Number of protein chains: 2
Amino acid sequence: MQGNWSRIFGELKELIGIPSVSAKNQSISECANFLKNLLESYGFSVSFLESPTGKPAVYAEKKGEQGSILLYNHYDVQPPEPLEEWKTDPFELVERDGMLFGRGVSDNKGEIIARLAAVDCVEKVLGQLPVTVKWLIEGEEEVGSPGIPDIVSRNKGLFKGVLGCMWEGGDIDRSGPNLYLGVKGMLYIELTLRTAKADAHSMYAPIIENAAEKMLKIIRMIKDERGRVKVPGFYESVAKPTAAEKRLMKSLRKSAREYADSLGVERLAVEGSQVAEKLVYEPTCNIAGLYSGYTGPGSKTIVPSTATVKIDFRLVPNQDPLKLLKTIKKILPKDVDVKVYTVSYPARISPENPLVKAAVDAAVQVYGKRPSVLPNMAGTGPLYHFVKAGIPTAMLSALAHPGSKLHAPNENIYREHFIKSILHHALVFTKVGGRA
Amino acid sequence: MQGNWSRIFGELKELIGIPSVSAKNQSISECANFLKNLLESYGFSVSFLESPTGKPAVYAEKKGEQGSILLYNHYDVQPPEPLEEWKTDPFELVERDGMLFGRGVSDNKGEIIARLAAVDCVEKVLGQLPVTVKWLIEGEEEVGSPGIPDIVSRNKGLFKGVLGCMWEGGDIDRSGPNLYLGVKGMLYIELTLRTAKADAHSMYAPIIENAAEKMLKIIRMIKDERGRVKVPGFYESVAKPTAAEKRLMKSLRKSAREYADSLGVERLAVEGSQVAEKLVYEPTCNIAGLYSGYTGPGSKTIVPSTATVKIDFRLVPNQDPLKLLKTIKKILPKDVDVKVYTVSYPARISPENPLVKAAVDAAVQVYGKRPSVLPNMAGTGPLYHFVKAGIPTAMLSALAHPGSKLHAPNENIYREHFIKSILHHALVFTKVGGRA
């Protein structure tokens, strides 16, 4: 493969060079066309899948000996701003000190090229792909994947019978690669209440309601002082960890100290042994924003007339964000305005899925150690649309590292991780096809 | 007096015409000099009392037959902005539909001219002032009277033995004039806490402390859900209403409906009969501002690392703002930062004071009904410096009305109230001197 490095580097450089910023609707068609041509040059049959938003997803397929797997990636990237913080041009791939820099190199154009190189490598070695590779590369992941539900449901035929879907990567740190079998869901709401037409002079505090005070009571209707969510039924539907999942949980190697340092806190709110447990299994109700009354510098003597709180709930299987929303609306006073920003379902697949096993075995060979495999990330992602459609979907590869600066200036990956990712994918294709 | 109207109107016009905005340090000396000349032209002996801030207070004195009373006013005004909302020039006195418009006409240059006209009127009728009038007119009330403590303590000799001090006015509404025998005190603090060096991605909510949540608990250390202040000793020193005060309380005529309408609420937080009771006697702990995390439009998934609350306490006799501050600092966790914006003492004088009795009797004669007299306002003011120095001080006259727009564009008073204020002061001087 070393002999191919200049070709692989050149392809990655071309892909990074296209500033496909979905938030600005910039170079989207250009990037989709570039990928179509590139994939076709490797023998893929390629088409564009319509999205209701007008940004096409690239669909590529290459026949293999038996069975099929699905790959998911996205060809759009985050805006590069603030530009002055970049040490080199964000849209020019640069290699320095064993690292590759450029917008999207980690999230996730690097992985697209690594997967393509893996397909090529396996074909060259075995003469033919052992498994059919189906590949969906959407163009609006960085703006919330609004087209995905429609794209998945309209194209069920294409994805039918796949062994599973490898989502864009997990991550890798000093202890080795981390794979995730799912994501938490989310309900993000904003509650606003008004107690009067306008703020009042605070000398009237003894006789009128204070909106901030009222909001504190509203918050306590949702969550008690110890952090326990009080919405009826919230914990009832939570799936119990399976025996296999419990075994998985032992694979997390990141220490409480590492978490605390990276989060800038002296110590975590929970004991070391509980950290992974809570990150994976605990549904949350987090105050993300809160404001009422005068929030400028200095003092102003008013009784606030409005108050707002932004709350994000992270949900675990089998919690339902829409059911939760309905219950919240039922328990809150009618005069509290509820605005909904995000509704996203949790997803988790079985560690017993053959694709998962192949990815883990391949990782052991490539990285020389077992990857950590968690039932789900602490974060949220749209892969649940695939899981709901019956396609076992997980983050089964690793490229980003803790310093990758995804979405930030100087986004980067290690060249070494990139090479290992190619090998890892090549081995997965081989194993899934029953050839290793 | 009608014959003198053009002279009185002219003097008020000249005084309003000086844009003595203390916040901008504008026309302060000019206004002090104008008043000195004007008061001297009426036979007052006038001097400037030094303030540590450099803005002199005008001190004027005119000998009378027996005893002495002190008048308090200020010659500075609030900035006129926003200028575009004024219907006429803020610094030009205009009479329209029985009302007088101009910055300071209500707060409180109108009262200065009314009091001067009253002195002149009494002298002309009786041949001599029945009581010595001492008059302090400071120049920085609109920026918090920072010089007053020093001015009062340095000039105790001047004020010694006065029967009492008439502060700038109470107010007048459809039911008649309202006098106040004191003010509430205030402690205004801002509490800030930090739980981490930076906000974290909200997927980490299960393992780190949330600053907003922590602040809710801090607030509950100060005040419970029902609004009861939990700071030890808070209610212990509160003075019990005297029998005379209880009788006074029956004089409030403003209805709960009027309060609710003017505050823009459907109904008050307390029952009708409790409104006056609470406004006068209840010490408060009011959340004036609260913010944490993301407060912009839309959603952002973070665990906030800082939270801030602004709280104003309104205090009643004999609560001590500095003692309260000390206790609060003692009960709060050490890592909560406490910033102090205002420390102001409550004050209340006896309704049995002869000056109070004279003011009430004079009001009955001038307005044809008993004024309402409350033990103190619901608001705060610096007259407690006088009370502490042994000078019984109260708001014993009325000029502002509910639509006076003090501090706002189109500040105004009724010409009728202005004339009655002259008569009322004239009668007070006469009664205090034992001549009526």
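Computed from a predicted model, the values in this text were never measured in an experiment. (Residues numbered from 1 in each chain as written. Chains lettered and ligands numbered in written order. Predicted model: local features only at pLDDT ≥ 70, side-chain atom pairs only at ≥ 80, totals over all residues. Heavy atoms only, no water.)

> Quick rundown of helix α11 (residues 354–367) of chain A? Include the residues and the values.
Residues and elements named next belong to chain A. Between its terminal C-alpha atoms α11 stretches 20 Å, which fits the 20 Å expected from 14 residues at 1.5 Å a residue. Taken as a whole, α11 has its buried residues at Leu355, Val356, Ala358, Ala359, Val360, Ala362, Ala363, Val366 and Tyr367. The positive-phi residue at the C-terminal boundary of α11 is glycine 368, with phi of around 75 degrees. (Helix = DSSP H or I, 4+ residues; strand = E, 2+ residues; numbered from the N terminus. Expected span 1.5 Å × (residues − 1). Buried < 20%, exposed > 50% of the residue type's maximum accessible area, 1.4 Å probe, protein only.)

> Describe the relation of the copies chain A and chain B, naming the residues involved and giving the relevant values.
Its rotation angle being 180 degrees, the transformation that places chain A on chain B also includes 0.1 Å of axial translation and leaves an RMSD of 0.1 Å. When the rotation and shift are considered jointly, the pair of chain copies conforms to a two-fold rotation axis. For chain A, the residue whose C-alpha comes nearest the rotation axis is Tyr291(A), separated from it by 2.1 Å. A shared binding surface is used by both copies, with 100% of the interface residues of chain A retained as interface residues in chain B. (Least-squares fit on C-alpha atoms with pLDDT ≥ 70 in both. Contact = heavy atoms within 4.5 Å.)

> Please set out the environment of Leu70(A) residue by residue, giving values where relevant.
Residues and elements named next belong to chain A. Topologically, leucine 70 is positioned in strand β3 (residues 68–74). Classification of leucine 70 as buried rests on a relative accessible area of 0%. Taking the C-alpha atoms as reference, leucine 70 lies 9.8 Å from leucine 158; in sequence the two are 88 residues apart.

> With reference to specific residues and values, describe the UniProt feature "domain: Peptidase M20 dimerisation" (unreviewed entry) in chain A.
Per the UniProt annotation, the sites labelled "domain: Peptidase M20 dimerisation" (unreviewed entry) are residues 182–334 of chain A. Helix makes up 30% of residues 182–334 of chain A and strand 24%, with an end-to-end C-alpha separation of 36 Å. (UniProt positions renumbered as here; feature names shortened; annotations may be inferred.)

> Hey, could you go over the domain arrangement of chain A for me, with residue numbers and the actual values?
Frequently, the measure chosen for interface size is the accessible area that the parts lose on association. Residue and element names in this part refer to chain A. Assigned domains within chain A: domain 1 (2–183 + 346–432) and domain 2 (185–238 + 283–344). Inter-centroid distance (C-alpha atoms) of domain 1 to domain 2 is 38 Å. Taken together, the contact between domain 1 and domain 2 spans nine residues of the former and 10 residues of the latter. Of the roughly 660 Å² buried at the junction of domain 1 and domain 2 (both faces included), carbon and sulfur atoms supply 57%. Counting across the interface, domain 1 meets domain 2 through zero salt bridges. Split into classes, the residues belonging to the side of domain 1 that touches domain 2 amount to five nonpolar, three polar and one charged. (Domains from an automatic or database assignment. Buried area = accessible area lost by both parts, 1.4 Å probe. Salt bridge = Lys/Arg side-chain N within 4 Å of Asp/Glu carboxyl O. Nonpolar A, V, L, I, M, F, W, Y, C, P; charged D, E, K, R; others polar.)

> Any details on the packing of helix α2 (residues 28–41) of chain A against helix α3 (residues 109–126) of chain A? Residues and values, ideally.
All names here are of chain A. Here α2 crosses α3 at 15 degrees, and the two axes come no closer than 12 Å. Here α2 is positioned roughly parallel relative to α3, judged by the angle of their axes. Note on packing geometry: the crossing formed by α2 with α3 is right-handed. Here Cys31, Leu35, Leu38 and Leu39 of α2 come into contact with α3, specifically with Lys109, Ile112, Ile113 and Leu116. (Axes fitted to C-alpha atoms, helices over the stretch in contact; angles between N-to-C directions. Parallel < 35°, antiparallel > 145°, perpendicular 65-115°, else oblique. Left-handed = near helix turned anticlockwise from the far one by under 90°.)

> Lay out the pattern of salt bridges in plain terms, naming residues and giving numbers.
Residue and element names in this part refer to chain A. With the rule as written, the count across this model stands at 50 salt bridges over all chains. A salt bridge links arginine 348 to glutamate 245, with the shortest nitrogen-to-oxygen separation between them at 3.4 Å. Taken together, the positions of arginine 348 in strand β17 (residues 347–348) and glutamate 245 in helix α7 (residues 243–249) put the pair 103 residues apart, joining distant regions of the chain. Of the two residues, arginine 348 and glutamate 245, neither departs from the other in class, the shared state being buried. Through salt bridges that share partners, Arg7, Glu11, Asp120 and Lys124 make up one connected network.

> So, the packing of aromatic side chains: which residues are in play, and what are the values?
For the structure on display, the rule yields 24 aromatic pairs over all chains. A centroid spacing of 5.9 Å and a plane angle of 55 degrees characterise the contact between Phe44(A) and Trp135(A), whose relative ring orientation is tilted. In this pair, Phe44(A) is assigned in the loop between α2 and β1 (45–49) and Trp135(A) in strand β6 (residues 132–138), connecting sequence segments 91 residues apart. With respect to class, Phe44(A) is no different from Trp135(A); both count as buried. Note on Phe234(B) and Tyr235(B): the rings are 4.9 Å apart at their centroids and 85 degrees apart in plane angle, and the pair reads as edge-to-face. By relative accessible area, which is 4% here, Phe234(B) ends up buried. Three or more aromatic residues joined by ring pairs make a cluster, and in this case those are Trp5(A), Phe9(A) and Phe418(A). The ring of Phe101(B) has Arg96(B) sitting right over it, with the charged end atom 4.3 Å from the ring centre. We note Lys388(B) situated over the ring of Tyr345(B); from NZ or CZ to the ring centre the distance is 4.7 Å. (Phe/Tyr/Trp six-rings, centres within 6.5 Å; stacked < 30°, edge-to-face > 60°. Lys NZ or Arg CZ within 6 Å of the ring centre and 35° of its normal.)

> Just give me the short version of the pairing of strand β15 (residues 306–315) of chain A, but keep the residues and values in it.
Residue and element names in this part refer to chain A. For β15, the buried fraction is high: nine of the 10 residues fall into the buried class. In this sheet, β15 lies alongside strand β11 (residues 185–194) in antiparallel orientation, the contact comprising 10 bridges. By the bridge assignment, methionine 186 is partnered in β15 with arginine 314. (Pairing = 2+ DSSP bridges.)

> How would you sum up the sheet that holds strand β20 (residues 398–400) of chain B? Please name residues and give values.
Residues and elements named next belong to chain B. With mixed pairing, four strands are arranged side by side in an open sheet as β18-β9-β8-β20. The sheet terminates laterally at β18 (372–374) and β20, the two strands that pair on one side only. Strand-to-strand twist of the sheet, defined as the mean angle between neighbouring strand axes without regard to direction, takes the value 40 degrees. Where strand β8 (residues 170–173) and strand β9 (residues 176–180) come together, three bridges link them in antiparallel fashion. Within the sheet, the bridge partner assigned to aspartate 173 lies in β9 and is glycine 176.

> Tell me about the interface of chain A and chain B, and name the residues and values.
Opposite the 66 residues of chain A that make contact, chain B presents 66 residues. Taken together, both faces of the contact between chain A and chain B bury some 5,000 Å²; the carbon and sulfur share is 61%. Summed over the three residues of chain A that lose the most area to chain B, namely Pro206(A), Ile207(A) and Leu263(A), the buried surface amounts to 13% of that side. At the junction of chain A with chain B, the criterion picks out two salt bridges. In this structure, Lys223(B) engages Glu213(A) in a salt bridge whose closest nitrogen and oxygen atoms are separated by 2.3 Å. At the junction of chain A with chain B, the criterion picks out 28 residue pairs in polar contact (both at pLDDT 80 or more). Tallying contributions element by element places strand β13 (residues 284–293) of chain A first for the side of chain A that touches chain B, with 10 residues. (Polar contact = N/O pair within 3.5 Å; in protein donor to acceptor, adjacent residues only side chain to side chain.)

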